[in-house]
Amino acid sequence: MTKEIHMAGPWVTEFEEKIVLDALRNGWYGKDAYTYVEKFEAEFAAYHDRKYALMTPNCTTAIHLLLAGLDIKDGDEVIVPECTWIASAAPIIYQRATPIFVDIDPINWCIDPKALEAKITPKTKAVIVVDLYGNMPDMDVLQAICDRHGIYLIEDAAESLGSKYNNTRAGKFGIGSVFSFHRTKTLTTGEGGMLLLDDEKLFQRCKFLRDHGRAPGTYFNTEVTFKYMPSNLLASLGYAQFLRLDELVEKKRWIWKTFEKHLSDVPDIYLNPEPENVYNGVWCTALIFGKSHGVQKDYIMAELTKMGLPSRPFFYPLTLLPAFGAKIEEGRKNSPVAYDISERGINLPCAFTVDEEQISKMSEAIKTIIQRGQRYGT
């Protein structure tokens, strides 16, 4: 019987089970109540050469904490790339600030530096740079732009655990960086996130905001803030996964390289890039179909579904979404690369259960669909 090809999912072993069981049995009282949270935070921060870490219920709350800690508010503008998951931009709305969407680079699919600089105004307070699908943008250029204009660079590293730019780990860039530990991510806690910082004052502010605006160990609240505290039980799973991180990243890279091998005879298609100065952790293998194939993602995905095979769309431009007013005409004009690439891109299965036989099956199906599409002028 052929195994089901799963789109996404974690790799959990007996090693994780043992550590989670310890937290389940012992991690509730006194100094042990947050033992795994503290271990995970400290070692995760050190791994990324950051001074401080705050675990959160998810990555969205990590971004929100940081924006609130930076006092982003009504009247401020925060720039985000057109193509990313909505979570990168939603916390801007939570703070009553205005998201400004800009185009992406055609090679790395991350925010385009020229498009970014063109959108900076006196109201701009920050830019959220997203390491899309594990890809890394030109961080040196982006940081130089932010420094020149006096705005914060925030790194959304939710999808780039294990990636490096100029031998510096993703998560080290900007005033702060965030990670996701969702069920689908390289390292999972089921749901979870992490905020990394170097500035002590900002760290203390975000830590204060994370737990109902109270000083540690007290029940005296001086502000109405958030409840974004982590779970020790979930932290135990995250910590255990973190101790296996090299193994997890290597499997993600193996999936990417194996798709690359099986699709190597197809011209004019593009998978996640890895230029000389980048090491790509490839959370998810994405595939862009060149224009010569004359196919778009909706057609490819529909055909894969007919064949019983999974796929997901390349992220939609945010201006296309009803959530942000469906400003499609304006979006196409200002972000032509984002609209073009999104229309021709899909995500391939990236679950840790994926094996070479399944990758071969997916690849052959894609070749068949491309040929069929060209034949019928789809």
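Heads up: the structure comes first, above all this text.
Residues numbered from 1 in each chain as written. Predicted model: local features only at pLDDT ≥ 70, side-chain atom pairs only at ≥ 80, totals over all residues. Heavy atoms only, no water.

Caption draft 1: Expanded view of the sheet that holds strand 8 (residues 176-180). What the seven strands build is an open sheet, ordered 1-9-8-5-4-2-3; its pairing is mixed. Looking along the sheet, the strands with just one partner apiece sit at the ends: strand 1 (52-56) and strand 3 (98-102). With strand direction ignored, the average angle separating the axes of adjacent strands in the sheet is 20 degrees. Looking at chain direction, strand 2 (residues 77-81) and strand 4 (residues 124-130) are connected through three bridges and run parallel. (Pairing = 2+ DSSP bridges. Helix = DSSP H or I, 4+ residues; strand = E, 2+ residues; numbered from the N terminus. Axes fitted to C-alpha atoms, helices over the stretch in contact; angles between N-to-C directions.)

Caption draft 2: Spotlight on unusual backbone geometry. Not every positive phi belongs to a glycine, and D268 is a case in point at roughly 60 degrees. Within the secondary structure, D268 is located in the loop between helix 9 (245-262) and strand 10 (269-271).

Caption draft 3: Spotlight on the packing of aromatic side chains. Evaluated as defined, the whole model comprises 19 aromatic pairs. On the basis of an interplanar angle of 50 degrees and a centroid distance of 6.1 Å, the ring pair of Y36 and Y239 is categorised as tilted. Remark: Y239 occurs in helix 8 (residues 232-242) and Y36 occurs in helix 2 (residues 35-47); sequence separation between them is 203 residues. Seen in terms of ring centroids, F40 and F242 are 6.3 Å apart; in terms of plane orientation they differ by 50 degrees. Their pairing is tilted. On the criterion of sequence distance, the pair formed by F40 in helix 2 and F242 in helix 8 is long-range, its members being 202 residues apart. An aromatic cluster of three or more residues is present, and its members are F40, F44, Y47, F179, F181 and F242. In this arrangement the basic side chain of R253 is found over the ring face of Y279, its NZ or CZ atom lying 4.0 Å from the centre. Stacked on the ring of Y316, the Lys or Arg K297 has its end atom at 3.8 Å from the ring centre. (Phe/Tyr/Trp six-rings, centres within 6.5 Å; stacked < 30°, edge-to-face > 60°. Lys NZ or Arg CZ within 6 Å of the ring centre and 35° of its normal.)

Caption draft 4: Structural detail: the state of the cysteines. If you walk through the whole model with that rule in mind, you get zero disulfides. Left unpaired, C350 is separated from the closest cysteine sulfur, that of C284, by 3.9 Å. Here C350 falls in the buried class, since its relative accessible area comes to 3%. (Disulfide = S-S within 2.5 Å. Buried < 20%, exposed > 50% of the residue type's maximum accessible area, 1.4 Å probe, protein only.)

Caption draft 5: Molecular detail of the pairing of strand 3. Counting buried residues along strand 3, four of its five residues qualify, which places the element largely inside the surrounding structure. With five bridges joining them, strand 2 and strand 3 adopt parallel strand pairing. From the neighbouring strand, V78 faces strand 3, where its bridge partner is P99.

These figures come from the coordinates and say nothing about function on their own.
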